[in-house]
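So you can see what is in the structure, the chains are spelled out below.
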Amino acid sequence: MKLYHYGLFSLFMANSLPALAQQDVRDIFQQNCASCHGDNLEGGMAKSLVDKQWQYGTSDKKIFETIKNGVTEAGMPAWGSLLSDQDIRALVVYIQEKEYQAQQNELKSQVSEAGLAEFSTKEYTFSLETLAEFDSTIWAVTALPSGDILATEKQGKLWLIQPEQNGKKQVITEIKGIPEVWHRSQGGLLDVAVHPNYPKQPWVYLSYSQPSSSIGSDKEGTMTAIVRGQIVDGQWQSQQMVYSAPAKFHTRSGHHFGSRIVLHNGYVYFSVGDRGKMELAQDLSKPNGKIHRLYYDGRIPQNNPFVKQKEALPSIWSYGHRNPQGLALHPLTSDIWETEHGPRGGDEVNLIESNKNYGWPVITYGINYNGQPITDKTEMPGMEQPKHYWVPSIATGGIEFYQGKTFAKWQNNLLVTGMAKQELRRLVIRDNQVVEDEVLIKDQGRVRDVGVSPDGDILVVLNGANQTYKIVKLKVKS
Ligand code: HEC
């Protein structure tokens, strides 16, 4: 019966399509729209197009106009100069088809139950075991020395997961009392990290989009902020601001918060994306597009590279970044490695060093999402080359170096998440060069973050497949 219905539906839609199609609308969508709205229109960097929530109008005409003219201040490009009216019309139809299908539950993600899928990689075969499910996008996961797990839900919730142990059932607790977040577009509650001597030093660090109102500004904007606090009986306590940008750096942009945190040797390193204004990544008087370094309590280290430079912000450690959404400490060299969510075709892996310029937007391997060039330069003297990059983009998220027993052959390999391509990858790094790049997981949902437990378990955040948001664990097949 379902089949019959579906057949009728396709026939109907086919008849209503204009006579065109030099290029399949699916391909037009995949090439131009999927990087933001998701391969199956389920949403990602931009909203879902199949959830029946229309901000800019639901009629054919309104949707057509939105695509043609864009909503540039919200980050939706204008397509009128690139796509013909026929192409745009086809897209309107395609979106409505997909929305209809989603409502009918015909939109199947490739795998319905992650637990059933098995992955064969070079060294190991493993399956995925779900540890916890949530209501909406999870941004970060981190394992504590005890084996407990902290996770952030982007809408503004911090969770403590105490896994099943010695016959005691798993307990999931929401930590109450964390700061209010600006939850829109890419903003919200973002990364979570703990002090290297946790729990002796019981500090938990959070990055988030801080609402301007909470710093006493009457703007409606936001900017990346870092706060630390302690968790006592399910309650966030002893809060201290580590980094909070002055109101002049707050904007309404929902783009590129960066936001990963690494704590090491007395310093907190954190990333701030260009916030949708790419030229600011080269401007040392702005926090945008930078990796910053502070002492654990937020004070400025006097040996930071730009402390003595007039106009430059003293917290800056490196610059020329677009949207660094991955930051990790190499277990042997203690170098900071970064993944940068690039433009279309420009995702990068970088080794971060003090005072260096990573080139965005002067050099890049990517192009604009709407297919127009950003620059014809991929390298330039005085600017760092990535250690690795992906064309097409995988849409890099969080990263972590592997250490542990469970996957002993992956010692010190870098695990990299890819959202748009729904991948977990493993990079082998030798003498600071990436010598191997293997896909471990594919098509299970948008992979936003990865963590490694003290036992060597790999924890992966999977968002969006069949409207599920979960943390899974890789289970080796013996
Ligand atoms: C660079 C990212 C990006 C790309 C690429 C992109 N969009 Fe969007 N789109 C957005 C954003 C951002 C919004 C604003 C909604 C939001 O996310 O809050 C949006 C909104 C829309 C809306 C309005 C939804 C509503 O709620 O009314 C439609 C329709 C749409 N996009 C279609 C498309 C189509 C079709 C393409 C490809 C031709 C496309 N978009 C490509 C980012 C993008």
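I will try to describe carefully the structure that is included in this document. Throughout this document, residue positions are counted from 1 along each chain, in the order its sequence is written. Only residues with pLDDT of 70 or above have their local features reported here, since the model is predicted, and side-chain atom pairs are shown and tallied only from 80 upward, although totals for entire chains, interfaces and linings are computed over all residues. Heavy atoms from the whole structure form the basis of all side-chain values; hydrogens and water molecules are not counted.

Examining the coordination of the iron atom of the ligand
Here comes step 1: Shown as donors are all N, O and S atoms within 2.8 Å of a metal ion, widened to 3.2 Å for Na, K and Ca; because water is not in the atom set, sites may appear incomplete. Coordination sphere of the iron atom of the ligand, protein contribution only: H37 (NE2) and M76 (SD), at 2.0 to 2.2 Å.
Here comes step 2: The exposure class assigned to H37 is buried, which follows from its relative accessible area of 11%.
Here comes step 3: Since its relative accessible area comes to 19%, M76 is described here as buried. Relative accessibility under 20% of the residue-type maximum defines a buried residue, over 50% an exposed one, and the middle range a partly exposed one, all with a 1.4 Å probe and only protein chains included.

Notes on the site of the ligand
Here comes step 1: Near residues are defined by distance, with any heavy atom within 4 Å of the molecule or strand qualifying the residue. Taken together, 23 residues are adjacent to the ligand, and C33, C36, H37, Q55 and M76 come closest.
Here comes step 2: Polar contact criterion, stated in full: a pair of N or O atoms within 3.5 Å, where within protein one must be able to donate a hydrogen and the other to accept it, and residues adjacent in sequence count only if both atoms are side-chain atoms. At 2.8 Å, a side-chain N or O of H37 approaches a nitrogen atom of the ligand.
Here comes step 3: At a separation of 3.1 Å, an oxygen atom of the ligand approaches a polar backbone atom of K47.
Here comes step 4: In this description a helix means any DSSP run of H or I spanning at least four residues, a strand means any run of E spanning at least two, and both kinds are numbered starting from the N terminus. Counting residues per element, the ones that place at least two in the shell around the ligand are helix 3 (34-37), helix 4 (60-69) and helix 5 (85-103).
Here comes step 5: With 3 residues, helix 4 is the single largest residue contributor to the shell around the ligand.
Here comes step 6: Here the shell around the ligand is composed, by residue class, of 16 nonpolar, 6 polar and 1 charged. Classification used: nonpolar for Ala, Val, Leu, Ile, Met, Phe, Trp, Tyr, Cys and Pro, charged for Asp, Glu, Lys and Arg, polar for all others including Gly.

Considerations on the sheet that holds strand 3 (residues 138-143)
Here comes step 1: Here, strands pair whenever DSSP counts at least two bridges between them. Pairing is antiparallel across the open sheet formed by 4 strands, whose spatial order is 3-4-5-6. Where the open sheet ends on each side, the last strands, each with one partner, are strand 3 and strand 6 (171-175). Across the sheet, the mean angle separating the axes of adjacent strands is 20 degrees when strand polarity is ignored.
Here comes step 2: In this structure, strand 3 lies alongside strand 4 (residues 149-153), joined through 5 bridges in antiparallel fashion. Pairing of V141 across the sheet is with A151, part of strand 4. To obtain each axis, a line is fitted to C-alpha atoms, and for helices this fit is confined to the stretch in contact; angles are then taken between N-to-C directions over 0 to 180 degrees.

Regarding the side chain of Q444
Here comes step 1: Positionally, Q444 belongs in the loop between strand 22 (433-442) and strand 23 (446-452).
Here comes step 2: In this structure the side chain of Q444 is engaged in a polar contact, spanning 3.1 Å, whose partner is the backbone oxygen of K442.

Quick word on the pairing of strand 15 (residues 324-329)
Here comes step 1: Of all the 6 residues making up strand 15, 5 are buried; the element is thus mostly covered by neighbouring parts of the structure.
Here comes step 2: Where strand 15 meets strand 16 (residues 336-340), 5 bridges bridge the pair, whose relative direction is antiparallel. Note on strand 16: the bridge partner recorded for P324 is E340.

Let's talk about the pattern of salt bridges
Here comes step 1: Salt bridge, as used here, is a side-chain nitrogen of Lys or Arg placed within 4 Å of a carboxyl oxygen of Asp or Glu. Scanning the model with the defined rule gives 20 salt bridges in all.
Here comes step 2: The shortest N-O distance in the salt bridge between E65 and K61 comes to 3.4 Å. Residue E65 and its partner K61 are both found in helix 4; the two are separated by 4 residues, about one turn of the helix.
Here comes step 3: Looking at K61, the relative accessible area reads 59%, which means it is exposed.
Here comes step 4: A salt bridge links R260 to D449; its shortest N-O distance comes to 3.2 Å. Of this pair, R260 sits in the loop between strand 10 (235-244) and strand 11 (261-264) while D449 sits in strand 23, and the two are 189 residues apart along the sequence.
Here comes step 5: With relative accessibility at 3%, the residue R260 sits in the buried group.
Here comes step 6: The exposure class assigned to D449 is buried, which follows from its relative accessible area of 3%.
Here comes step 7: One salt-bridge network, in which partners are shared between bridges, spans K122, R426, E436 and E438.

Quick notes on the packing of aromatic side chains
Here comes step 1: Centres within 6.5 Å are what make two rings of Phe, Tyr or Trp a pair, Trp counting through its six-membered ring; a difference in plane orientation under 30 degrees is then read as stacked, over 60 as edge-to-face, and the rest as tilted. Taken as a whole, this structure holds 16 aromatic pairs when the rule is applied.
Here comes step 2: Taking the centre distance of 6.5 Å and the plane angle of 90 degrees together, the rings of F126 and F407 count as edge-to-face. In this pair, F126 sits in strand 2 (residues 125-134) while F407 sits in the loop between strand 19 (396-401) and strand 20 (414-418), placing the two residues 281 residues apart along the sequence.
Here comes step 3: Centroid distance F134 to W159: 5.6 Å. Interplanar angle 55 degrees. Geometry classified as tilted. In this pair, F134 is assigned in strand 2 and W159 in strand 5 (residues 157-162), connecting sequence segments 25 residues apart. You'll find F134 and W159 in the same group, each marked buried.
Here comes step 4: Each member of the aromatic cluster is reached from another via a ring pair, and the members are F119, Y124, F126, Y402, F407 and W410.
Here comes step 5: In our convention, an over-ring charge means Lys NZ or Arg CZ found within 6 Å of a ring centre and within 35 degrees of that ring's normal. Above the ring of W203, the side-chain terminus of R228 is found at 3.8 Å from the ring centroid.

Read these as spatial facts, not as claims about activity.
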